[in-house]
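# Close look at the chain arrangement
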Amino acid sequence: RAKAQAEGRPLTGLTRERWLLTVFRALDYGIVSTTPTGGLVAEDKAFGVSHLWEHVPIHLLGWGVDLDRRTKGMIGAAEAAPQSMVQELLNRTDAHLWAILSNGQKLRLLRDSRSLAGSAYVEFDLELIFDEQLFPDFVLLFRLVHASRLAVPSGEPAASCWLEQWRSNAVKQGERALERLRSGVEQAITTLGTGFLRANPALRDRLAAGTLSRDDY
């Protein structure tokens, strides 16, 4: 990086060609195509995303470019920070459900989050994973971001990918767990309240006589 800066060479091309596209090839994405001039369009608005693989927008930036702040002069960031731009693209269209954003140091897996107040993403610290040889973190990256997780059969919608199916199953399991938890909490409150009244006859008598309201109790 320091050598490239000293020679005045742009880091975006080096980061993409020498690093990130190599990572994607290792994750079985094969050839990741650049997007048409002007980027991707959703609801008549253009988004300057750099690459596209099947239905997955992949926005690759120069090494260390801030993902959460707008950087002057950076392609695709004229109106918003890279994170905000990619998230807005996902939120505006059903054609793209998941996306990947990276500046070489960090890699984020984003999802449509129209139902949430903020962004929905998982971040991997690529620099730390490879510098510190964090094998468990690399395995998690490989298992979650591998091309097979985002691939969809021909003619199928983006929601048919394995990653979205796993997410849907996790949501359903969470809802079932919440229902079981709700019943347990209700039973615990009833048991606690009954025991408390049995241990305090005076309170029970006041409730029975109406001199103590339920809200006051």
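Residues numbered from 1 in each chain as written. Predicted model: local features only at pLDDT ≥ 70, side-chain atom pairs only at ≥ 80, totals over all residues. Heavy atoms only, no water.

## Brief notes about the overall build of the protein chain
Secondary structure assignment for the protein chain yields 8 helices and 8 strands. Relative to a compact globule of 217 residues, whose C-alpha radius of gyration would be 17 Å, the protein chain shows 26 Å and is clearly more extended. Projected onto its principal axes, the C-alpha positions of the protein chain cover 85 × 45 × 35 Å. Every one of the 217 residues in the protein chain was classed for burial, and the buried ones make up 34%. For the protein chain, restricting intrachain contacts to residue pairs at least 6 apart in sequence, the fraction spanning at least 24 positions comes to 46%. Carbon and sulfur atoms make up 54% of the accessible area of the protein chain, which totals about 13300 Å². Considering the protein chain, the positive charge centre built from 26 side chains and the negative charge centre built from 26 side chains are found 2 Å apart. (Helix = DSSP H or I, 4+ residues; strand = E, 2+ residues; numbered from the N terminus. Rg over C-alpha atoms; globule rule 2.2 N^0.38 Å. Buried < 20%, exposed > 50% of the residue type's maximum accessible area, 1.4 Å probe, protein only. Contact = heavy atoms within 4.5 Å. Areas by Shrake-Rupley, 256 points an atom, 1.4 Å probe, with all protein chains shown as cover. Lys, Arg positive; Asp, Glu negative; His and termini not counted. Charge placed at Lys NZ, Arg CZ, Asp CG, Glu CD.)

## Considering the side chain of threonine 93
Here threonine 93 lies in the loop between helix 3 (82-92) and strand 6 (98-102). Of note is the side chain of threonine 93, whose polar atom sits 3.0 Å from the backbone nitrogen of alanine 95. The residues touching threonine 93, leaving out its near neighbours within four places in the chain, are Ala42, Asp112 and Arg114. (Polar contact = N/O pair within 3.5 Å; in protein donor to acceptor, adjacent residues only side chain to side chain.)

## Details of the confidence of the model for the protein chain
Residues at a pLDDT of 70 or more form 90% of the protein chain, whose mean pLDDT is 86. This stretch, residues 2-9, has a pLDDT under 50; its non-local contacts, to residues over four places away or in other chains, come to 5 contacts. (pLDDT = per-residue confidence, 0-100.)

## Focus on unusual backbone geometry
With the exception of glycine, the majority of residues adopt a negative phi angle, and the majority of peptide bonds are in the trans configuration. For aspartate 44, which is not glycine, the phi dihedral falls at a positive 65 degrees. Assessed through its relative accessible area of 79%, aspartate 44 is described here as exposed. Phi at glutamine 133 is positive, roughly 50 degrees, even though this residue is not glycine. When you line up the elements, glutamine 133 lands in the loop between helix 4 (126-131) and helix 5 (135-145). Taking relative accessible area as the criterion, glutamine 133 reaches 69% and is therefore assigned exposed.

## Topic: the packing of aromatic side chains
Two measures describe an aromatic ring pair: the distance that separates the ring centres and the angle between the ring planes. Summed over all chains, the structure comprises 6 aromatic pairs. Plain terms: the ring middles of phenylalanine 130 and phenylalanine 138 are 6.0 Å apart, the flat faces sit at 70 degrees to each other, and that makes the pair edge-to-face. Accessibility expressed as a relative area gives 38% for phenylalanine 130, which makes it partly exposed. Connected via pairs of aromatic rings, a cluster forms that spans Trp19, Phe130, Phe138 and Phe142. (Phe/Tyr/Trp six-rings, centres within 6.5 Å; stacked < 30°, edge-to-face > 60°.)

## Points about the pattern of salt bridges
Between side chains of opposite charge, a pair can form as their charged atoms come close. For the structure shown, the criterion picks out 9 salt bridges. When the shortest N-O distance is used, the salt bridge between lysine 106 and aspartate 125 registers 2.8 Å. With lysine 106 in strand 7 (residues 106-111) and aspartate 125 in strand 8 (residues 121-125), this pair connects stretches of sequence that are 19 residues apart. With relative accessibility at 23%, the residue aspartate 125 sits in the partly exposed group. (Salt bridge = Lys/Arg side-chain N within 4 Å of Asp/Glu carboxyl O.)

## Here's the deal with the sheet that holds strand 1 (residues 33-34)
Strand-to-strand pairing in sheets goes through backbone hydrogen bonds, with the strands running parallel or antiparallel. One open sheet holds the 6 strands; their spatial order is 1-4-5-6-7-8, and the pairing between them is mixed. In this open sheet, the two strands that pair with only one neighbour each are strand 1 and strand 8. Relative to strand 5 (residues 56-60), strand 4 (residues 51-53) runs antiparallel, the two sharing 3 bridges. Bridging from a neighbouring strand, leucine 52 pairs with proline 57 of strand 5. (Pairing = 2+ DSSP bridges.)

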